[in-house]
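Residue-level structural notes
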Amino acid sequence: MAGRGVVDPAQVRAAVAVVGEWLRDGAVAQPGRSEIAAAVRGTARALAGDAPGHSVEVRVPPFVAVQCIEGPRHTRGTPPNVVETDARTWLLLATGLMGFEEALDSGALTASGSRAAEVARWLPVVPL
C-alpha cells in the first residue's frame, strides 16, 4: 500500500486472498505474520476510508488501530467508542465470514461506547 492513509483496493483484495483459505477453514495452517498483517492493515484502513471520521476507534493489536465514522473527534486518553478484536476475528468480520453480533456474543470482539456497534454497518469490507 502506498502510504498509511492510502488504500489500493486491489492490494487489499490480494492480501485477503492470501489468507482466505485459513479464514474459511481454521484447520489450515496459519499464514505468516506478514501476510496476516497486510490483510488486517489493509482491511482496517479500507474501513477507515469507507467510513471516514474519528468517532470510533477500531483496534486489532498488534497490527493496527484506525479511527472511523463521522462524529465528535477524540484526541486524548481512551476513546469513548472502541471496537477491539484479534486478527483472525477481524478478518472474519472484514470478509463477511462472521457477523458483528456473533463475534460480540462469542466474546471474540469487544465493543464499548454508544457508537461502537455502528462499525457493523460498514462490514464486510472485502467479501469472500
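For clarity, every value in this text was computed on a predicted model and none was experimentally measured.

Rules used throughout
Residues numbered from 1 in each chain as written. Predicted model: local features only at pLDDT ≥ 70, side-chain atom pairs only at ≥ 80, totals over all residues. Heavy atoms only, no water. Buried < 20%, exposed > 50% of the residue type's maximum accessible area, 1.4 Å probe, protein only. Helix = DSSP H or I, 4+ residues; strand = E, 2+ residues; numbered from the N terminus. Contact = heavy atoms within 4.5 Å. Polar contact = N/O pair within 3.5 Å; in protein donor to acceptor, adjacent residues only side chain to side chain. Axes fitted to C-alpha atoms, helices over the stretch in contact; angles between N-to-C directions. Parallel < 35°, antiparallel > 145°, perpendicular 65-115°, else oblique. Nonpolar A, V, L, I, M, F, W, Y, C, P; charged D, E, K, R; others polar. Core = buried A, V, L, I, M, F, W, Y, C linked by side-chain atoms within 4.5 Å.

1. Description of helix α3 (residues 87-95)
In an α-helix, one full turn covers 3.6 residues, which means residues spaced three or four apart are oriented alike. Buried residues dominate α3, accounting for eight of its nine residues. When we look at burial in α3, the residues that qualify are A87, T89, W90, L91, L92, L93, A94 and T95. Looking at the packing, one finds that the buried side of α3 touches α1 (9-24), α2 (33-50), β1 (56-60), β3 (82-85), α4 (100-106) and β4 (109-112). Between the side-chain oxygen of the N-cap and the backbone nitrogen of R88 there are 3.1 Å, and the N-cap of α3 in question is D86. Of the residues trailing α3, G96 is marked for its positive phi of about 85°.

2. Let's talk about the packing of α1 against α3
The relative placement of two packed helices is expressed as an angle between their axes plus a distance between the axes. Direction vectors running N to C along α1 and α3 enclose 105°, while the axes themselves pass 11 Å from each other. Comparing their axes, α3 and α1 come out roughly perpendicular. Contacts between α1 and α3 involve V16, V19, W22 and L23 from the first element and R88, L91, L92 and T95 from the second. Its residues placed into classes, the contact of α1 with α3 shows six nonpolar, one polar and one charged.

3. Re the nonpolar core
V40, V58, W90, L91 and V119 are the most contacted members of the largest nonpolar core, which totals 39 residues. Breaking this core down by element, the ones donating at least two residues are α1, α2, β1, β2 (64-68), α3 and α4. The element contributing the most residues to this core is α2, with eight residues. Once residues lying within four places of it in the same chain are set aside, the contact partners of V58 are L47, V64, A65, V66, C68, V83, W90 and V119.

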